[in-house]
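Listed here are the chains, written in short residue letters.
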Amino acid sequence: MASLLVVFALCGAGQSSLAQDWPQQTVRIVVPFPAGSGIDAAARIISDSLAKRWKQPVVIENKPGSETTIGAGTFAATRDGHTLLYTTFGTLSVAPLTVEKLPFDPEADLVPLVPTVSVVVAISVTTSLAVQTLAELEAVIRARKGQLAWASSPTLPRYVFATFLKQRGLEMNYVAYRDASQPQMDLGEGRIHAFIAAIPTSAASVAAGKARFIATTEPRRTTILPDVPSAAESGYGEFTFVGGAGLFGWRDMPHAIRERVVSSVNAVLSDPAVTEKLKAAGQQVIGGGPEALRELVEQQRARVLEISRSIDLKSAR
């Protein structure tokens, strides 16, 4: 028995030492969204502070495409002990329902660590439409059946807007993009007419006076856009969902390293300077541990299943 206690003590000391020594090299954070997107912006704000805390470089690697599964698959295949995944809840709540063969196991390969931010998603329209509200947008779409185009961020924003169109009997043309900068340029020039995405993704066009925010998908009006109503208060409850992002670790990630990452990220998120930067990027700090992240993913999964009863997720346009 005494010898077993010695072994356990040595294992515990080894785990503690492992946590204190990690990271021992550059940390790579895979982001399955394009550079310039809202998720990318948050990842870079957080990684800058982590690099100072860990005294090691923390670099962002953008791997967009295929409803975030390319990036998640890249992460799952790496497992070098210094690569993390920063993605939205949709990678676990939406992708398993829309992609026939995932290049990763959502349960085993994506280990929840920290829920970082709630991503405020907004519906913006080109000023060439001259609409101010969701009701006015609905009227214009109905009057110009099949003549208008829309785009969205990957995963849930796309399906929420598709549900709106389906339930209201409306027709618009969906345009897919790979580059986050292109849709807001097209929105500003009137080549697409509506865009549902995280605030930073369309903020430049709005700031230039070429587009306007008409609603958010938050359950209530948010302090980030205090002059913009929530879709729910405008009478369009089908738009309501809470988007969010979190940090995930690799399969069989040592417990001590998980705890170190969770502790470090929460310390970064509690820094007022980081909070302000994230707020400026249209995101609200959450924070917490693995269980909190799992719960938020499950809540969103329930919302996705509800949406799937209205539309076919695999063919939503």
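Summarised in this report is the structure supplied together with it. Remember, predicted model here, so these are calculated numbers, not experimental data.

A word on the environment of Leu247. Within the fold, Leu247 resides in strand E10 (residues 243–249). Accessibility expressed as a relative area gives 3% for Leu247, which makes it buried. For the pair Leu247 and Leu113, spaced 134 residues apart in sequence, the C-alpha separation works out to 5.6 Å. Apart from residues lying up to four places away in sequence, Leu247 is in contact with Ile29, Leu84, Leu85, Tyr86, Val111, Pro112, Leu113, Val114, Thr116, Val261, Val265 and Leu293.

Moving on: the pattern of salt bridges. This structure, assessed with the given rule, holds 17 salt bridges. For Asp40, the salt bridge goes to Arg44, with nearest N and O atoms at 2.9 Å. With a gap of four residues between them, Asp40 and Arg44 both fall in helix H2 (residues 38–54), about one helical turn apart. Taking relative accessible area as the criterion, Arg44 reaches 34% and is therefore assigned partly exposed. Of the charged contacts in the structure, one is a salt bridge between Glu233 and Arg221, with a shortest N-O distance of 2.9 Å. Residue Glu233 is located in the loop between strand E9 (211–216) and E10, and its partner Arg221 is located in the loop between E9 and E10; the two are separated by 12 residues in the primary sequence. Take Glu233: its relative accessible area is 46%, and that puts it in the partly exposed class. Taking the relative accessible area as the measure of exposure, Arg221 reaches 41% and is therefore partly exposed.

Thresholds applied
Residues numbered from 1 in each chain as written. Predicted model: local features only at pLDDT ≥ 70, side-chain atom pairs only at ≥ 80, totals over all residues. Heavy atoms only, no water. Helix = DSSP H or I, 4+ residues; strand = E, 2+ residues; numbered from the N terminus. Buried < 20%, exposed > 50% of the residue type's maximum accessible area, 1.4 Å probe, protein only. Contact = heavy atoms within 4.5 Å. Salt bridge = Lys/Arg side-chain N within 4 Å of Asp/Glu carboxyl O.

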